[in-house]
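Residue-level structure breakdown
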Amino acid sequence: MAYTGLRIHPAIGIARVGSSEEYYLGPESMAGMRQPGQDTTGGLPIRPGTERDTILSTELRDSCGRLKRQAARFRIDQYAFDSADGAETWPAGPASEVQPGSVVDGKVVADIIWTVHLANKKANSWQGGNGVQPFVDGQLPALRNPDFGALDNASRLSKLVIDAGPRALLGSAQQAIQFDAGTTPCYGDAASAAICAAPNYPLSFPLPGDAALPGSTGPGSLIRSLGALSTESTGRLVVLGGYGKACAFDALGKHVPSAALDGDVNNNNWFDDVSDGPVSAILLFADGSAREVEGGAWVIATDPAYAPQTPNVVTLWDELYCTWLEQLALRPTVYAGQRYQSSYRTDFDAEVLPVLRAAALQKWTTFLPSRAIKGHDLFAYMKADQRNGFKIMNFLRPPGQDHEPATAAPMMPLSLGDANQSLLSLTPAQYFFMGQWAHDLYATGSEPAPVLAAGEALDKTVLFNCLGGRFSPGIEISFIVRDTNLYQRGWQRHDSGGPFRINRQRLNYRDAVAQQPLLGIGYTPLRDTPVQPGDLSKFMALPWHTDYNSCATHMPAPNPGGVLYDTEQAIAEATAVVTDPDTIRPNTLLYSSWPAQRPVAVYTYDDLVASGGGQLPAPRFSVRGPGTRADVPRVPDPQNKIDRPALHVGRYQQRTQFLQDWDKIGVVLQITAISPMPTPPKNKDLYLEVASLFTSDDSNLAESWRNTAIDAVYPPPGSPSKP
Amino acid sequence: MSEPKSFMRDVLVLFFKYANDMQNQAPPINAPNGAGLKILYLNDYASVKEFHYAIQVAIHGYDRDSDGKWRVPPAQRLRKQGGGAEDWVASAPHPMPPDGRMPQQAIDIFDQWVRDGMLP
């Protein structure tokens, strides 16, 4: 019997914080990839109220200079299947969007009820940054905020979980509803085909402290909202995240002006206002009936996109795709019987070119030497048959390998690795696809690649624009993207909702009781535990700001050759002329962390204009406000581990400063999206930093790779004057 | 008067980032005093000491721009070996680093190290 599948797309949507009330929509094209008939590559955010009009640089900030938030947009698609229990494959085939007025199973859709529930459980989570290892063999890592009792203690939950509860609205409403303490929670109820209020829902926001504390908007002020919902005229849902705030609390859980920020990933007594949670929908038909959309989605609100058109070499999509290939039988033609299929002909455009494009675009967010740039540029627009015998696999670090000599020809990707991995490698799936291409096993025009429906493409695109590979802890989703417990695993029936759906816990809002937290421990990695609101973001740094600030350049950790000590003998040994190429000694090189997501060095639009628009001026650090200079003598490390200024460039020296200045960082955009542009650019492949609010460069001279931990540091180049 | 510069403390930190490329990719160069072709190891005291003038020429190779205009005042220029008081090195066959000029602060340190007697 024919069955109409209903699914929300993207399966996982990404919103991003901003300091403004205003917003733009998240990109719905793949970062850095060519768009048909356009000079501008993908990844640009979209102007609100439009289908796909991308923004210009003048639309990144509001009229007061505040950074706009990035909203996540969701849609519903219907798929025509032969039966509810038919075997699902991916891609699932053609689909069409459901909007008010659409017909589903012969019935006219009158409206849509959207429900979203946002929460932030970071303060009531485990210490993060070490990947999955602390969760194996039944173990659990130490808790954040251990003084507040056990993880499921009701008092602890009420103090440390920010639970804004559910909010629902009609697709036709086109008005915002806030995730704040002053708005009554509500949810869509399929049985009554209505939005139901939940006045007794146990809302939980940071507790106010002394009334004399900072006002409602400044840095460190009390977090009162996790965002908002709205809808478009098409009935699509728009989810907004928070304002990029972080606020501190005392031993009683009450707001205080500040607390110690001792680490990059785990800071007790802090909240931030990122969040995540489920997105669900109910179709209301003109005949009075209703139907719940079985393919529910999830939204994550995270840090701003400071280089939206620059993809990571390993993206969040690559991580999810590899997991689903290897463990959830997504495409048996690629992976079956616990191995990749050697006869598979890779889809160059979908599976190889993104890696090459990402590698070529890294030069806009990290400072590569000219030789490396020339090498990468060869791949920027390569076609499948243009490899010309180049032995690319000789330059790719096999997954899991990180003990390469620092002096050898650099292996790619040239970035720091996953938790407990020194250097980054492609996912096994990416490595396999590259290998197939290297052996000329790629699909040609006579073997058309699978075509994704619009919603399925959105599933992929949104995650393609996020960080993979370096989950220590990452910035949007961490290592948990590789845990099959996170997902609805029975995806291979048409009525399941399809692949990539989060295994969400159904919460009973009707029976919620005030003061009794509804959210508990929730999802625990490697355990079959359903996922609650706040369970995806709780593995990220707390607050996210300290991790972002730190993640400029670092030495590999663990260092393949052991710890580098700052003694004359240790430095002499680490820097001595290499006579035996197999010698493994401490790696002194500094590598970027995740530069496509956290730009390290950028070419600025202001510098280009100041130079007359000719040759590109030298790059500057992206984070370069007062307090970022790293040339003062540091307190010696008690163990004499190396801790020289070169290890601290490109970031605030005091973590607290980043909490105040994160929204001053500029955004790297392709020159075709920059306005005003004095003269039409001849080279449309320039990606320049715009909209920075740093009026001067108070950091250091950015140096190209192979920069090292012992390098002298210098003042930055002169700054062009800015109003 | 500042403390005399030493190789390990002051010079290695200027050049170590280039040492690997020099060792693996740059061709051997003529050593001073007819000692034949040798590889310059920028992370080796003896090698840097031996090639110190060639290094100075290379890092001063950007002192004058392509329009013939000096970028630095006379006090920061390099006098040609055996040249007169104002006979400066104005260019180099292979200015270093190849991607552009070192910060003047770094050039000054190396010049001082040479003047100080090239201490280890």
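Residues numbered from 1 in each chain as written. Chains lettered and ligands numbered in written order. Predicted model: local features only at pLDDT ≥ 70, side-chain atom pairs only at ≥ 80, totals over all residues.

Points about the overall build of chain B
For clarity, the cut-off: The secondary structure listing takes helices from DSSP runs of H or I that are at least 4 residues long and strands from runs of E that are at least 2 residues long, numbered from the N terminus. Radius of gyration here is computed from C-alpha atoms only, and the compact-globule reference equals 2.2 Å multiplied by the residue count raised to the power 0.38. Here the C-beta atoms are placed from the backbone, and a residue counts as buried if at least 20 other C-beta atoms lie within 10 Å of its own, exposed if 12 or fewer do, and partly exposed otherwise.
Across its full length, chain B carries 4 helices and 2 strands. For chain B, the N- to C-terminal ordering of α and β elements is α-β-β-α-α-α. In terms of C-alpha radius of gyration, chain B reaches 14 Å, essentially the compact-globule figure of 14 Å for 120 residues. Viewed in the frame of its principal axes, chain B has a C-alpha envelope of about 35 × 35 × 30 Å. Of all 120 residues assigned to chain B, the portion counted as buried reaches 27%.

A closer look at the overall build of chain A
Secondary structure assignment for chain A yields 10 helices and 27 strands. Here chain A has a C-alpha radius of gyration of 25 Å; the compact-globule value for 723 residues is 27 Å, and the two agree. Seen along its three principal axes, the alpha-carbon backbone of chain A occupies a region of about 80 × 70 × 60 Å. Counting every position in chain A, which comprises 723 residues, the buried fraction comes to 54%.

Re the interface of chain A and chain B
Rule in force here: We call two residues in contact when their backbone-placed C-beta atoms lie within 7 Å. Residue type decides the class: Asp, Glu, Lys and Arg count as charged, Ala, Val, Leu, Ile, Met, Phe, Trp, Tyr, Cys and Pro as nonpolar, and the leftover types, Gly among them, as polar.
Facing the 17 residues of chain A at the interface are 15 residues of chain B. No other element matches helix H8 (residues 568–575) of chain A, which puts 3 residues into the side of chain A that touches chain B. Each residue belonging to the side of chain A that touches chain B can be placed in one class, and the counts come to 8 nonpolar, 6 polar and 3 charged.

Side note on helix H3 (residues 348–361) of chain A
A turn of α-helix holds 3.6 residues, and therefore any two residues three or four places apart point the same way. Residue and element names in this part refer to chain A. Selection criterion: For a helix, the expected span equals 1.5 Å multiplied by the number of residues minus one. For a residue, the bend is simply the angle between two axes, fitted respectively to the seven-residue segment ending there and the seven-residue segment starting there.
Between the first and last C-alpha of H3 there are 18 Å, a value that for 14 residues agrees with the 20 Å anticipated at 1.5 Å per step. The largest bend in H3 is about 30°, located at proline 354. Taken as a whole, H3 has its buried residues at Phe348, Glu351, Val352, Leu353, Pro354, Val355, Leu356, Arg357, Ala358, Ala359, Ala360 and Leu361. Structurally, H3 contributes buried residues whose contacts are with helix H4 (370–377), helix H5 (428–438) and strand S27 (687–690).

Things to note about H8(A)
Stated precisely, the cut-off is as follows: To obtain the arc, one takes the directions from the helix axis to the C-beta atoms.
Every buried residue belonging to H8(A) is among Ile571(A), Ala574(A) and Thr575(A), and all of these are buried. Each buried residue of H8(A) lies within a common arc of 85° when the element is viewed along its axis, so the set occupies one face. Tucked into the core, H8(A) has its buried residues touching helix H1 (7–25) of chain B.

Focus: the environment of Leu118(A)
All names here are of chain A. Along the polypeptide, leucine 118 turns up in strand S7 (residues 107–120). Distance from leucine 118 to isoleucine 710, taken between C-alpha atoms, is 45 Å for residues 592 residues apart in sequence. Residues contacting leucine 118, with those up to four places away along its chain left out, are Ala164, Phe179, Leu226, Gly227, Ser275, Gly277 and Pro533.

Quick word on the pairing of strand S13 (residues 237–240) of chain A
Residue and element names in this part refer to chain A. Let me state the cut-off plainly: Two strands pair if DSSP finds at least two bridges between them.
Judged by which residues are buried, S13 turns out to be covered on both faces: Leu237 and Val239 on one side and Val238 and Leu240 on the other are all buried. Two elements, strand S4 (residues 69–81) and S13, share 3 bridges in a ladder whose sense is antiparallel. Residue pairing in the sheet places alanine 72 in a bridge with valine 239 of S13. Bridge count between strand S12 (residues 225–231) and S13: 4 bridges; the pairing is antiparallel. Within the sheet, the bridge partner assigned to threonine 231 lies in S13 and is leucine 237. Between S12 and S13, which pair antiparallel one after the other, the connecting turn spans 5 residues, and glycine 235 there sits at a positive phi close to 90°.

Quick notes on unusual backbone geometry
Here Ser675(A) and Pro676(A) are connected by a cis peptide whose omega angle stands at 0°. Among the structural elements, Pro676(A) can be located in the loop between strand S26 (667–670) and S27. With omega at -5°, the peptide bond leading from Met96(B) into Pro97(B) counts as cis. At Asn388(A), a position not held by glycine, the phi torsion is positive, near 50°. As for its position among the elements, Asn388(A) is in the loop between H4 and H5. You will see that Asn33(B), though not glycine, has its phi angle at about 60°, which is positive. Here Asn33(B) shows up in the loop between strand S1 (29–30) and strand S2 (37–38). In this structure Asn33(B) comes out as exposed when scored by C-beta crowding, with 7 C-beta atoms within 10 Å.

As for the confidence of the model for chain B
Residues and elements named next belong to chain B. Quick note on the threshold: The pLDDT value tells you how sure the predictor is about a given residue, anywhere from 0 up to 100.
Confidence in the prediction for chain B averages 93 pLDDT; 99% of positions are at 70 or higher. Per-element mean pLDDT across chain B ranges from 89 in S1 up to 97 in helix H4 (residues 104–115). Here the predicted complex carries an ipTM of 0.94, next to a pTM of 0.97.

Remarks on the pairing of S4(A)
In the case of a regular strand, side chains alternate between the two sheet surfaces. Residues and elements named next belong to chain A. Taken across its 13 residues, S4 has 12 buried, putting it largely inside the fold. Bridging between strand S1 (residues 3–9) and S4 involves 7 bridges; their strand directions are antiparallel. In the sheet register, tyrosine 3 faces S4, and the bridge partner there is phenylalanine 81. The sheet contact formed by S4 and strand S5 (residues 95–98) spans 4 bridges and is antiparallel. When the bridges of S5 are listed, glutamine 78 appears paired with serine 96.

Re the sheet that holds strand S14 (residues 246–249) of chain A
Residue and element names in this part refer to chain A. Within the open sheet, the 3 strands sit side by side as S15-S14-S16. Their pairing is antiparallel. Of all the strands in the sheet, the pair left with one neighbour each is strand S15 (255–256) and strand S16 (270–272). Alignment of S14 against S16, held across 3 bridges, turns out to be antiparallel. Note that in S16 the partner of cysteine 247 across the bridge is phenylalanine 271.

Describing the packing of H1(B) against H4(B)
All names here are of chain B. Inclusion rule: Between N-to-C directions, angles cover 0 to 180 degrees, with each direction set by a line fitted to C-alpha atoms, over the stretch in contact for helices. With respect to orientation, any angle under 35 degrees is reported as roughly parallel, any angle over 145 as roughly antiparallel, any angle of 65 to 115 as roughly perpendicular, and every other angle as oblique. Note on convention: near helix rotated counterclockwise from far helix by under a right angle means a left-handed crossing. Clockwise means right-handed.
Orientation of H1 relative to H4, taken along the N-to-C sense of each, is 135°, at an axis distance of 10 Å. When the interaxial angle is binned, H1 and H4 end up oblique. Crossing angle aside, the handedness with which H1 passes H4 is left-handed. Facing H1, whose interface residues are Asp10, Val11 and Leu14, H4 presents Ala106, Ile109, Phe110 and Trp113. In terms of residue class, the contact of H1 with H4 is built from 6 nonpolar, no polar and 1 charged.

Overview of the environment of Trp594(A)
Residue and element names in this part refer to chain A. Tracing the chain through its elements places tryptophan 594 in the loop between strand S23 (591–592) and strand S24 (601–602). Tryptophan 594 sits in the buried class, given 26 other C-beta atoms within 10 Å. Separated by 42 residues in the primary sequence, tryptophan 594 and alanine 552 place their C-alpha atoms 7.8 Å from one another. Residues within four places of tryptophan 594 in sequence aside, it is in contact with Asn312, Ser415, Leu467, Arg470 and Cys551.

Topic: the packing of helix H2 (residues 316–327) of chain A against helix H6 (residues 454–464) of chain A
Residues and elements named next belong to chain A. Viewed as axis vectors pointing N to C, H2 and H6 meet at an angle of 125°, and their least axial separation amounts to 6 Å. Classified by the angle between their axes, H2 and H6 sit oblique to one another. For the pair formed by H2 and H6, the contact residues are Leu316, Trp317 and Leu320 on the first element and Lys460, Leu463 and Phe464 on the second. Looking at side-chain class alone, the contact of H2 with H6 contains 5 nonpolar, no polar and 1 charged residues.

Let's talk about the nonpolar core
Residue and element names in this part refer to chain A. Rules: Each nonpolar core consists of buried Ala, Val, Leu, Ile, Met, Phe, Trp, Tyr and Cys residues. Their C-beta atoms, within 7 Å, join them into a set.
Grouped together as the largest cluster of nonpolar side chains are 215 residues, with contacts concentrated most on Trp114, Val239, Val299, Val668 and Leu688. At 9 residues, H3 tops the list of elements feeding residues into this core. If sequence neighbours within four positions are ignored, tryptophan 114 has contacts with Ala168, Leu169, Gly171, Leu229, Thr231, Leu237 and Ala281.

Some remarks on the environment of Pro308(A)
Structurally, Pro308(A) is set in the loop between strand S19 (297–302) and H2. In this view, Pro308(A) contacts Pro27(A), Ala31(A), Gly43(A), Leu44(A), Pro45(A) and Asn465(A); residues no more than four positions away in its chain are not counted.

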